[in-house]
Amino acid sequence: MMAEAGAGGPRLAELLALGRRLLEELETSTEPSSGAPAVQEKVRQGLDALQRAAAMVAQLELFSENEELEEIASADLKFMLLPALLGALTLKQVDLSRRREHLESAREHFLRFLKLCRNYGLGCFQLSSGTSSEEGAGSPSVPQDPTQPNLVAMAMGRTAKIERYKQMKELENKLASMSSSVESGTADEDQIREFYILQIQKWIGTSLEEIESIEQELVILRSRDAARQAPGGSRGPSRPARAPMKPFILTRDAAQARVFGVGYPGLPTMTVDDWYEQRRRQGVVSSPQRVPGASDEELQKQQQETEEEEDNEEALKKARDWDDWKDTHPRGYGNRHNMG
């Protein structure tokens with residue numbers, strides 16, 4: 001295996017190192033925007049280097065489903081990280097029009113990495129039959145009422161996240177203490193092997209976290225796309241379009257309508273009652289109807305409301321009569337005592 005890897009020369013290792021370096025620079029970048037041209041150029045360069053390295057690994061057949069972890073050379077273990085690094089860099093792309101495509105591509109990279117690790121017995125996790133992953137192999141399935149939240153699953157998921165966070169911190173501390181000796185070339189083969197296996201385990205936790213975030217974002221994007229594609233009528237019944245009203249003169253009664261009709265022959269006249277009746281026929285206003293089968297209490301209440309309406313109509317009639325009287329009796333009419 002080591003000889004086959006060496007057949008690729010240092011070029012393969014250089015491509016991997018370039019992709020990792022660019023990813024680390026992006027992770028620690030101080031650029032105010034991830035969409036800055038310089039940032040996206042690093043993303044493009046990193047993806048290109050890692051994709052070329054992944055193609056070389058596939059050509060050399062460094063990893064096989066029929067192998068055991070002990071059969072892989074220590075120096076080749078680091079190439080197992082290629083799919084995870086590709087997934088992380090794919091998420092750095094910021095083209096909003098292709099966001100869903102990038103999310104699905106990154107998820108496939110992370111899943112490929114996790115399946116590779118599972119084949120070699122690295123990590124303790126379980127991949128579902130679908131597209132998502134869940135941690136905790138051998139966890140019992142709990143039947144759930146579809147109308148109630150799965151509190152057990154929520155508690156288990158939270159516990160798994162806390163445990164995974166602790167493991168990630170421990171792995172980072174171990175890697176930090178070993179990195180100087182490995183990078184300087186003073187570490188022996190056992191230390192190099194342990195160092196790369198720790199890196200793989202760290203990226204297993206990162207991949208599980210990223211897949212969970214990707215799944216949540218994809219749900220939001222699918223809902224948004226479905227809302228955009230839904231016809232406008234599905235949001236609720238639309239109100240029927242009303243014909244535009246023609247201008248007219250509103251009068252209190254028929255007598256005043258005749259007067260205004262003479263003064264403004266170009267405009268039709270309409271009394272208040274006529275206007276109300278027309279609007280009722282158009283469905284703009286509606287009159288209360290008696291509900292069949294109503295109880296005596298309801299009928300009494302309806303009768304009381306009707307009497308109140310009649311009282312209001314009587315008060316309105318008196319007000320109209322008073323207005324009519326004022327129209328025919330100007331202020332001061334009939335004052336014969338104070339002639340001045």
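Residue positions within a chain follow its written sequence, with the count starting from 1. Restriction of local features to residues with pLDDT of at least 70 applies here, the model being predicted, together with a cutoff of 80 or more for giving and counting side-chain atom pairs; totals for whole chains, interfaces and linings are based on all residues. Excluded from the side-chain calculations are hydrogens and water; all other atoms, namely the structure's heavy atoms, are used.

**Considerations on the packing of helix α3 (residues 37–60) against helix α4 (residues 82–90)**
It is the contact of α3 with α4, at a shortest axis distance of 10 Å, that shows an interaxial angle of 155 degrees. When the axes of α3 and α4 are compared, the pair comes out roughly antiparallel. Between α3 and α4 lies a crossing of left-handed hand. Along its contact with α3, which presents Val 43, Gly 46, Leu 47, Leu 50, Gln 51, Ala 53, Ala 54 and Val 57, the element α4 presents Leu 82, Leu 85, Leu 86, Leu 89 and Thr 90. A per-class count over the contact of α3 with α4 returns 10 nonpolar, 3 polar and no charged. A fitted line through C-alpha atoms represents every axis, and for helices the fit uses only the stretch in contact; the resulting angles, taken between N-to-C directions, go from 0 to 180 degrees. Helix and strand definitions here come from DSSP, where helices need a minimum of 4 consecutive H or I residues and strands a minimum of 2 consecutive E residues; each element is numbered from the N-terminal end. Working rule for angles: under 35 degrees goes down as roughly parallel, over 145 as roughly antiparallel, 65 to 115 as roughly perpendicular, anything else as oblique. Each helix crossing is assigned a hand: it is left-handed if the near helix lies turned anticlockwise from the far helix by less than a right angle, otherwise right-handed if that turn is clockwise. Contact definition: two residues touch when any of their heavy atoms are within 4.5 Å. Following the grouping adopted for this structure description, the nonpolar residues are Ala, Val, Leu, Ile, Met, Phe, Trp, Tyr, Cys and Pro, the charged ones are Asp, Glu, Lys and Arg, and the polar ones are all others, Gly among them.

**As for the layout of surface pockets**
A pocket, in this scheme, is an open set of points on a 1 Å grid over the protein atoms alone with protein on both sides within 12 Å along at least 5 of 7 lines, while a cavity is a set where a 1.4 Å probe fits but cannot get out; residues line either one if an atom lies within 4 Å of a point. Grid points are joined across faces, edges and corners, and a volume is the space filled by probe spheres set on the points. Taken as a whole, the largest pocket holds about 960 Å³ of empty space. Together, 34 residues line the largest pocket, and Arg 20, Leu 23, Glu 24, Leu 85 and Trp 203 are the ones closest to its centre. When contributions to the lining of the largest pocket are tallied by element, the ones reaching two or more residues are α2 (10–27), α3, α4, α6 (151–184) and α7 (189–229). The element contributing the most residues to the lining of the largest pocket is α2, with 9 residues. For the lining of the largest pocket, a count of residues per class yields 17 nonpolar, 7 polar and 10 charged.

**With respect to the pattern of salt bridges**
Salt bridges, as used here, are contacts in which a Lys or Arg side-chain nitrogen is within 4 Å of a carboxyl oxygen on Asp or Glu. Throughout the structure, instances matching the rule amount to 13 salt bridges. With a closest N to O distance of 2.9 Å, Arg 99 and Glu 217 form a salt bridge. With a gap of 118 residues between them, Arg 99 in helix α5 (residues 99–119) and Glu 217 in helix α7 connect regions that are remote in the sequence. Only protein chains enter the area calculation, which uses a 1.4 Å probe; residues under 20% of their type maximum are buried, those over 50% are exposed, and those in between are partly exposed. A relative accessible area of 27% places Glu 217 in the partly exposed class. Among the salt bridges present, the one from Arg 100 reaches Glu 104, with a minimum N-O distance of 3.5 Å. Separated by 4 residues within a single helix, Arg 100 and Glu 104 lie in helix α5, roughly one turn from each other. The partly exposed category is assigned to Arg 100, whose relative accessible area is 31%. Through salt bridges that share partners, Arg 100, Glu 104, Arg 224 and Asp 225 make up one connected network.

**Here's the deal with α5**
Helix span is expected to be 1.5 Å times the residue number reduced by one. Here α5 spans 30 Å end to end across 21 residues, near enough to the 30 Å set by a 1.5 Å rise per residue. Taken from the residues just after α5, Gly 121 is the one with a positive phi, measuring 70 degrees.

**Some details on the nonpolar core**
Definition of nonpolar core: a set of buried residues of the types Ala, Val, Leu, Ile, Met, Phe, Trp, Tyr and Cys, connected through side-chain atoms within 4.5 Å. Membership of the largest hydrophobic core comes to 57 residues, with the highest contact counts inside it found for Phe 63, Met 80, Phe 113, Leu 122 and Ile 204. Every element with two or more residues in this core is listed here: α2, α3, α4, α5, α6 and α7. Per-element tally for this core: the top contributor is α7, with 12 residues. Phe 113 has contacts with Met 80, Leu 81, Pro 83, Ala 84, Ile 200, Trp 203, Ile 204 and Ser 207, leaving out every residue within four places of it along the chain.

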